[in-house]
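Coordinates in review
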Amino acid sequence: MEATLPPTEPETTQDPDVFPFATWGPWVAIGATFAALVAGLTISLPFIVIDGGDPDDFTLTTTVAIQLCTAIGFIAIPLLLALMPGGGVRAALGRLGFKATGLGKSVKWIALGTVSYFAFAIVYSIVVGQPEQDDIAGDFGPIPLQILMIAVIAPIAEEVCFRSMLFGGFRKRFPLPFAALAAGLVFGLLHYSTGWSAVPLLIVFGAVLAVVYEKTGSIWPAIILHALNNGIALIALNS
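Here we summarise the structure given alongside this text. Just so it is clear, the structure is predicted and the values come from calculations on it, not from any experiment.

**Some details on the overall build of the chain**
In terms of regular secondary structure, the chain is built from eight helices and zero strands. Mapped in sequence order, the helices and strands of the chain form the string α-α-α-α-α-α-α-α. Once the C-alpha set of the chain is aligned to its principal axes, its extents read approximately 85 × 45 × 30 Å. Within the chain, buried positions represent 44% of all 239 residues. In the chain, the proportion of contacts linking residues at least 24 apart, taken out of those at least 6 apart, comes to 73%. For the chain, the accessible area works out to roughly 13,000 Å², and carbon and sulfur atoms hold 70% of it.

Laid out in structure tokens, this is it:
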């Protein structure tokens, strides 16, 4: 008499319960980051072409449109990647770090991240000199629009792309220091257009944001810290 085996259930992707929440590795993360950049550029091309293609002569509408298209690429590609294992949008958002976390833990790591970054910035300015950065805030016109683009949309989009997706993928294989610095390096280098002397600061800032993300287990504190930093910079530029 043959023994019958119980029916087997189809295999499902098991999301990790602890950090990192990403279900992809470093090479996929790098490729997806490149895809996010290309996607943003591609959907902004019509605005660039219509406005003549010269960045120095872009209208306010074109400048805002390019920023929004870039943000769409930075959010859409990570979301598509996170949707691939299945489970729907809620599961995908969890893989990107959109999870609840304690208020005390968030405040603690936002404060530690802020102190660490500003301490490095002070030492850097003493040793190397004050970094020179282009004032891109004025390109966004009225102050309310500057706040929306620089202190709201940019932090959300960049954290999803560079921390949730890129750092998350690196962290699947590498220890925290290397993964944070590697993701920070990409983040800093992609901001070279604002001024090369500021790139080291942005690399460190990106690494700090990665640590805040991991230690809190949520991408929200990193978004808040990023928004606070951009908001302070915006106030300084407009004062």
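There's more to say after this.
**Some thoughts on the nonpolar core**
Counting residues in hydrophobic clusters, the biggest one holds 53 residues, and the most contacted among them are Trp 24, Phe 167, Tyr 213 and Leu 225. The element that contributes the greatest number of residues to this core is helix α5 (residues 143-171), accounting for 11 residues. What Trp 24 contacts, discounting residues up to four positions off in sequence, is Ala 29, Leu 81, Ala 82, Arg 95, Leu 96, Ser 164, Met 165, Gly 168, Gly 169 and Lys 172.

**Points about the pattern of salt bridges**
Within the structure shown, the criterion is met by two salt bridges. Of the charged contacts, one joins Glu 159 and Arg 163 as a salt bridge, the two residues approaching to 2.7 Å between their closest N and O atoms. Here Glu 159 pairs with Arg 163, and both are found in helix α5, just four residues apart, close to one helical turn. We classify Arg 163 as buried; its relative accessible area is 0%. Between Glu 214 and Arg 171 there is a salt bridge, with its nearest N and O atoms 2.7 Å apart. Note that Glu 214 is positioned in helix α7 (residues 199-216) and Arg 171 in helix α5, a separation of 43 residues in sequence. Of the two residues examined, Glu 214 and Arg 171, each falls in the buried class.

**Regarding the packing of α5 against α7**
Packing of α5 against α7 leaves a shortest axis separation of 10 Å and a crossing angle of 75°. Accordingly, the angle class assigned to the pair α5 and α7 is roughly perpendicular. Residue-level contacts link Glu 159, Arg 163, Ser 164, Phe 167 and Arg 171 of α5 to Gly 206, Leu 209, Ala 210, Tyr 213 and Glu 214 of α7. The class makeup of the residues in the contact of α5 with α7 is four nonpolar, two polar and four charged.

**Considering a nonpolar patch on the surface**
Together, Ile 75, Ile 143, Ile 147, Leu 148, Val 152 and Ile 156 give the surface a local cluster of nonpolar side chains, amounting to about 440 Å² of exposed area. A total of five residues in the nonpolar patch trace back to one element, the largest contributor, which is α5. Among the structural elements, Val 152 can be located in helix α5.

**Describing the packing of helix α6 (residues 176-189) against α7**
Each pair of packed helices can be summarised by the angle the axes make with each other and by the distance between the axes. Relative orientation of the contacting elements α6 and α7 amounts to 135°, with a least axis distance of 7 Å. With respect to α7, the element α6 is oriented oblique. Crossing of α6 against α7: the hand is right-handed. For the pair formed by α6 and α7, the contact residues are Leu 176, Ala 180, Leu 181, Gly 184, Leu 185, Phe 187, Gly 188 and Leu 189 on the first element and Val 199, Leu 202, Ile 203, Phe 205, Gly 206, Ala 207, Ala 210, Val 211, Glu 214 and Lys 215 on the second. Partitioned by chemical class, the residues of the contact of α6 with α7 number 13 nonpolar, three polar and two charged.

The rules behind these values
Along each chain, numbering runs from 1 in the same order as the chain's sequence is written. Confidence filtering applies because this is a predicted model: local features only for residues at pLDDT of at least 70, side-chain atom pairs given and counted only at 80 or more, and all residues used for totals across whole chains, interfaces and linings. The side-chain figures draw on all heavy atoms in the structure; neither hydrogens nor water molecules are used. Numbering goes from the N terminus for both helices and strands, where a helix is a DSSP run of H or I of at least four residues and a strand is a run of E of at least two. Burial classes: relative accessible area under 20% of the type maximum marks a residue as buried, over 50% as exposed, and values in between as partly exposed (1.4 Å probe, protein chains only). The contact definition used throughout considers only heavy atoms, calling two residues in contact when any of these lie within 4.5 Å. The Shrake-Rupley method, run with a 1.4 Å probe sphere, supplies the accessible areas, and residue values consider only the shown protein chains as cover. Definition used in this section: a nonpolar core is a set of buried Ala, Val, Leu, Ile, Met, Phe, Trp, Tyr and Cys residues joined via side-chain atoms within 4.5 Å. We count a salt bridge whenever a side-chain nitrogen from Lys or Arg sits within 4 Å of a carboxyl oxygen from Asp or Glu. Simply put, an axis is a line fit to the C-alpha atoms, just over the touching stretch for a helix, and the angle between two N-to-C directions goes from 0 to 180 degrees. Any angle that is under 35 degrees is reported as roughly parallel, and any over 145 degrees as roughly antiparallel; angles of 65 to 115 degrees are reported as roughly perpendicular and all others as oblique. Any residue that is not Ala, Val, Leu, Ile, Met, Phe, Trp, Tyr, Cys, Pro, Asp, Glu, Lys or Arg is counted as polar, Gly included; the first ten are nonpolar and the last four charged. A patch is a set of surface residues, each over 30% in relative accessible area and not in a salt bridge, joined within 9 Å for like charges and within 5 Å for the nonpolar side chains Val, Leu, Ile, Met, Phe, Trp and Tyr. Helix crossings are classified by the rotation of the near helix relative to the far one: an anticlockwise turn of less than a right angle makes the crossing left-handed, while a clockwise turn makes it right-handed.

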